[in-house]
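Tertiary structure, described
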Amino acid sequence: MTLSIIDKMNEWVEPFKNWIMANHGNPIMWLGFVLIGIAVFSITFGALHRNGD
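Below, the discussion takes up the overall build of the protein. On a plain count of helices and strands, the protein comes out with two helices and zero strands. Relative to the compact-globule value of 10 Å for 53 residues, the protein shows a C-alpha radius of gyration of 17 Å, a clear excess of over 25%. Looking at the protein residue by residue over its 53 residues, the buried ones come to 4%.

The subject of this paragraph is a nonpolar patch on the surface. There is a patch of nonpolar side chains on the surface, built from Phe16, Trp19, Trp30, Phe33, Ile36 and Val40 and spanning about 610 Å² of accessible area. Mapped by element, the contributors of at least two residues to the nonpolar patch are α1 (2–22) and α2 (27–48). By residue number, the principal contributor to the nonpolar patch is α2, which donates four residues. With respect to the element layout, Trp30 can be found in helix α2.

By convention here, two paired aromatic rings are described through the distance between centres and the angle between planes. With the rule as written, the count across this model stands at four aromatic pairs. Residues Phe16 and Trp19 carry aromatic rings whose centres are separated by 6.2 Å and whose planes lie at 25° to one another, so their mutual orientation is stacked. Of this pair, Phe16 and Trp19 are both found in helix α1, three residues apart, which corresponds to roughly one turn of the helix. When the ring of Trp30 is compared with that of Phe33, the centres are 5.5 Å apart and the planes differ by 80°; the resulting orientation is edge-to-face. Taken as a pair, Trp30 and Phe33 lie in helix α2 at a separation of three residues, close to a single helical turn. With a relative accessible area of 40%, Trp30 lands in the partly exposed category. Every member of this aromatic cluster is reached through a ring pair, and the members are Phe16, Trp19, Trp30 and Phe33.

This part takes up α2. When the terminal C-alpha atoms of α2 are compared, their 31 Å separation across 22 residues agrees well with the 32 Å that a helix rising 1.5 Å per residue should span. With a side-chain oxygen lying 3.1 Å from the backbone nitrogen of Ile28, the N-terminal cap of α2 falls on Asn26.

The rules behind each value
Residues numbered from 1 in each chain as written. Predicted model: local features only at pLDDT ≥ 70, side-chain atom pairs only at ≥ 80, totals over all residues. Heavy atoms only, no water. Helix = DSSP H or I, 4+ residues; strand = E, 2+ residues; numbered from the N terminus. Rg over C-alpha atoms; globule rule 2.2 N^0.38 Å. Buried < 20%, exposed > 50% of the residue type's maximum accessible area, 1.4 Å probe, protein only. Patch = residues over 30% accessible without salt bridge, like charges linked within 9 Å, V, L, I, M, F, W, Y side chains within 5 Å. Areas by Shrake-Rupley, 256 points an atom, 1.4 Å probe, with all protein chains shown as cover. Salt bridge = Lys/Arg side-chain N within 4 Å of Asp/Glu carboxyl O. Phe/Tyr/Trp six-rings, centres within 6.5 Å; stacked < 30°, edge-to-face > 60°. Expected span 1.5 Å × (residues − 1). Polar contact = N/O pair within 3.5 Å; in protein donor to acceptor, adjacent residues only side chain to side chain.

Here it is in structure tokens:
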């Protein structure tokens, strides 16, 4: 069962990996990834540091 889950994840990741490899020189894509990463970090940090407010 575990191997089938890993195989399915590899099937889903492969098209994304190919797209990244085809567009690795696009600075707008990397800027988007950085902004998404900052947004996820900000949301997570805010959720973990509410202190009951």
